[in-house]
Structure formats: C-alpha cells, structure tokens
Amino acid sequence: MPHPDHEKNRYSWNQVVELHYNHLGYRTKEFLDGTSHLKRIELEALGDVAGKSMLHLLCHFGLDSLSWVRKGAEVTGIDISEKAIEFANKLKGETKLEAEFIRSDVLDLIGVIDKKFDIVFQSYGTHIWISDIERWAEVVSHYLKPGGTFFIVDSHPVEVLFNAPTWDYFTRDPERTVNPADYIDRDFKGNGEYVEWQHPLSEILNALISAGLTIEHVGEYNHGYYQVDENWYSDKDRYWYPPGGPTAYPLLLSIKARKM
Ligand SMILES: C[S@@+](CC[C@H](N)C(=O)[O-])C[C@H]1O[C@@H](n2cnc3c(N)ncnc32)[C@H](O)[C@@H]1O
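None of the values given here were measured: they were computed from a predicted structure.

**What about the nonpolar core?**
Here comes step 1: In terms of nonpolar packing, the biggest core is built from 37 residues, with Leu55, Leu57, Val106, Trp136 and Phe150 touching the most fellow members.
Here comes step 2: Going through the elements one at a time, helix H1 (4-22), strand S1 (53-57), strand S4 (117-123), helix H6 (133-143), strand S5 (144-155), helix H8 (201-210) and strand S11 (252-259) are the ones with two or more residues in this core.
Here comes step 3: Here the element with the most residues in this core is H6; it accounts for 6 residues.
Here comes step 4: In contact with Leu57, not counting residues within four places along its chain, are Ile78, Val106, Leu109, Val120, Phe121, Gln122, Trp136 and Val140.

See the structure below:
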C-alpha cells in the first residue's frame, strides 16, 4: 500500500521537476557542458569511486547521480517522482552517460532492485521526506554489500529551530504545507501539499546502528546547501551563508557509516 503522505509529496514533486531542470539555480546547462554537480563534502567523503557500484536514494532528476557516473561509478538512482525519473532519463540521454533510474518510494525499495552496492548515497534535501527513519535505515543496510559505505549529507535536524523557532525538535507530527512555494523558484506555487518529518540526530544515528551499520564519521557544517533568503551569499563551493557569514549553529550534517 503506498504511503498516503508520501503520495502527496510525489504529486507535489512531480510539479516542480521540469521547473528545476530548466532553472538556472540547478545549473543543468553547465552540467550538459561537462561540469559536475557534486559538492566538496561528498567528494571528499567518498574519494575515488571509479568502478564502484552506487545506489543513489532520492536522486531527483539525476544531476548528482550522473556526476558520479562522470567520476567512474556505476549508478542506480531511485526517486518517488515519475517526473524526476523521466527527466533523469532525459539528462542521461542528452549526456550519453550510462545509469539506471527507477521510480520507487525509498521505503518500498526492498525487492525492487535485486543487487547489492559498494556505496549507498543520499544528499541535500532528503531525510525530511521520509516518514519512517527506521525502515529507511533497513533499506540502506539491505542494499549495502558487506564492507560497503553509506554516506549522507543533508540539512542538520537543528536547522529548522533557527529558521522557524517555534518548531519542536522532537515532534512526531508531520509539518504540512498546502500550495507550497518552491525553494528554487519562489514565484512558483504548487496546487498540492508537502508533508515533512522532523528527525532528531539521535533518531537517525540510532536507526543506522540498529540496522547493522557502524558509524565512522559525523560532520556538522556552518553553511547551508541552498539560498534560504535572498540576502544569503554563496562561496566558490556553492555553499550558502546568511549575511553575517558562517552560522554559530549547524546547517548541514553528514554521516559516513559502514556495513560490517
Ligand atoms: C531536494 S530533492 C533531492 C535532492 C537532490 N540532491 C537535489 O537537490 O536535486 C528531493 C527528492 O526526493 C524525492 N522524494 C521525496 N520523497 C521520496 C520518497 N519517499 N522516496 C523516494 N524519493 C522521494 C523527490 O521526488 C525529490 O526528487
């Protein structure tokens, strides 16, 4: 049975994929000209991926997936949105790169792909869409080969407390946004709903540990991955800062873990 709130998100994500594909903020044109969409944190964390198999969870329209392909990885990307998969395949066709893109809710993935991977990767704007972090961690663990690496870089769970001080860090209730604005094109208003979940850091780490992973490194960063407000500025690595510079609290979190 599809998760009803995930299906709401699927509907809303379907509305923005083409907008993102064509928006300057996603730099698709530069990617088609041969650049990488990957950022410093994941590049440093994963190092040389040549010849390694990678499962990219919540891959959107495949910019990062295909960037890893350009670095020599064999990539399978999954996303709940059929529009995301359609545009990932379009990008794959236009770049003539090899990758496989599959439409699936991440929580329903076990059984959809009959393969294990050297690396499971996930980045920037993902854990908030997952209603059940324990199940998610089981999916991550299921798809890793013994000795395989999981790496995630994403919003730090405390970030919301600074952007929306009334938010409850420990809440189990999802946050619902009807007719959501888009984070890349602020003039766009969807006609659906976004449903997001808050996951305390301990919940994410404990879920990975319970699923059989060994945490090797946790990183916290005083910059973000997108322009939260119009007065935010970016550095050469395309990380974003508020007008006062690096924040006194973490905006990004990374976790590197290994399946033993
Ligand atoms: C912010 S994007 C992914 C991040 C990517 N780094 C980017 O910025 O392009 C979030 C993606 O998660 C996908 N998504 C949301 N909920 C999902 C779920 N339950 N299972 C799989 N994909 C999901 C959306 O369709 C969307 O493409």
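**Considerations on the pattern of salt bridges**
Here comes step 1: Under the counting rule described, the total for this entry stands at 15 salt bridges.
Here comes step 2: Note that Lys8 is salt-bridged to Glu193, the shortest N-O span being 3.8 Å. Within this pair, whereas Lys8 is found in helix H1, its partner Glu193 is found in strand S7 (residues 193-196), the two being separated by 185 residues in sequence.
Here comes step 3: The exposure class of Lys8 is partly exposed, given its relative accessible area of 34%.
Here comes step 4: When the shortest N-O distance is used, the salt bridge between Arg10 and Glu82 registers 2.8 Å. Separated by 72 residues along the polypeptide, Arg10 in helix H1 and Glu82 in helix H5 (residues 82-95) bring together distant segments of the chain.
Here comes step 5: Residue Arg10 is classed as buried on the basis of its relative accessible area of 19%.
Here comes step 6: For Glu82, a relative accessible area of 36% gives the class partly exposed.
Here comes step 7: Here the salt bridges do not stand alone but share partners, grouping Asp5, Lys8, Arg176 and Glu193 into one network.

**Description of the sheet that holds S5**
Here comes step 1: One open sheet accounts for 7 strands, arranged S3-S2-S1-S4-S5-S11-S8; its pairing is mixed. Bordering the open sheet on either side are strand S3 (100-103) and strand S8 (213-221), each of which pairs with just one other strand. With strand direction ignored, the average angle separating the axes of adjacent strands in the sheet is 15°.
Here comes step 2: Direction of pairing for S5 relative to S11: antiparallel, over a ladder of 7 bridges. Residue pairing for S11: Ser155 is matched across the bridge by Leu252.

**Quick notes on the pairing of strand S2 (residues 74-79)**
Here comes step 1: Among the 6 residues in S2, 5 count as buried, and that is most of the element.
Here comes step 2: In this fold, S1 hands off to helix H4 (residues 63-70), which returns the chain to S2; that crossover is right-handed.
Here comes step 3: Sheet topology note: the S2/S3 ladder contains 4 bridges and is parallel. Its bridge partner being in S3, Ile78 is matched across the sheet by Ile102.
Here comes step 4: The parallel pair S2 and S3 is bridged by H5, and the resulting crossover is right-handed.

**Describing the packing of H4 against H5**
Here comes step 1: Packing of H4 against H5 brings their axes to within 10 Å, and their N-to-C directions diverge by 35°. Note on packing geometry: the crossing formed by H4 with H5 is right-handed. Touching Leu63, Leu66 and Arg70 of H4 are Ala88, Leu91, Lys92 and Thr95, all from H5.

**With respect to unusual backbone geometry**
Here comes step 1: Of note in this structure, Arg27 is not a glycine but carries a positive phi near 55°.
Here comes step 2: With relative accessibility at 25%, the residue Arg27 sits in the partly exposed group.

**Notes on the site of the ligand**
Here comes step 1: Taken together, 17 residues lie near the ligand, and Tyr26, His60, Asp79, Val106 and Tyr124 sit nearest.
Here comes step 2: Here a nitrogen atom of the ligand sits 3.5 Å away from a polar atom, N or O, in the main chain of Tyr124.
Here comes step 3: Taken together, the residues of the shell around the ligand sort by class into 8 nonpolar, 6 polar and 3 charged.

Each value, and the rule that gives it
Residues numbered from 1 in each chain as written. Predicted model: local features only at pLDDT ≥ 70, side-chain atom pairs only at ≥ 80, totals over all residues. Heavy atoms only, no water. Core = buried A, V, L, I, M, F, W, Y, C linked by side-chain atoms within 4.5 Å. Buried < 20%, exposed > 50% of the residue type's maximum accessible area, 1.4 Å probe, protein only. Helix = DSSP H or I, 4+ residues; strand = E, 2+ residues; numbered from the N terminus. Contact = heavy atoms within 4.5 Å. Salt bridge = Lys/Arg side-chain N within 4 Å of Asp/Glu carboxyl O. Pairing = 2+ DSSP bridges. Axes fitted to C-alpha atoms, helices over the stretch in contact; angles between N-to-C directions. Right-handed = clockwise from strand over helix to strand, strands pointing away. Left-handed = near helix turned anticlockwise from the far one by under 90°. Near = heavy atom within 4 Å. Polar contact = N/O pair within 3.5 Å; in protein donor to acceptor, adjacent residues only side chain to side chain. Nonpolar A, V, L, I, M, F, W, Y, C, P; charged D, E, K, R; others polar.

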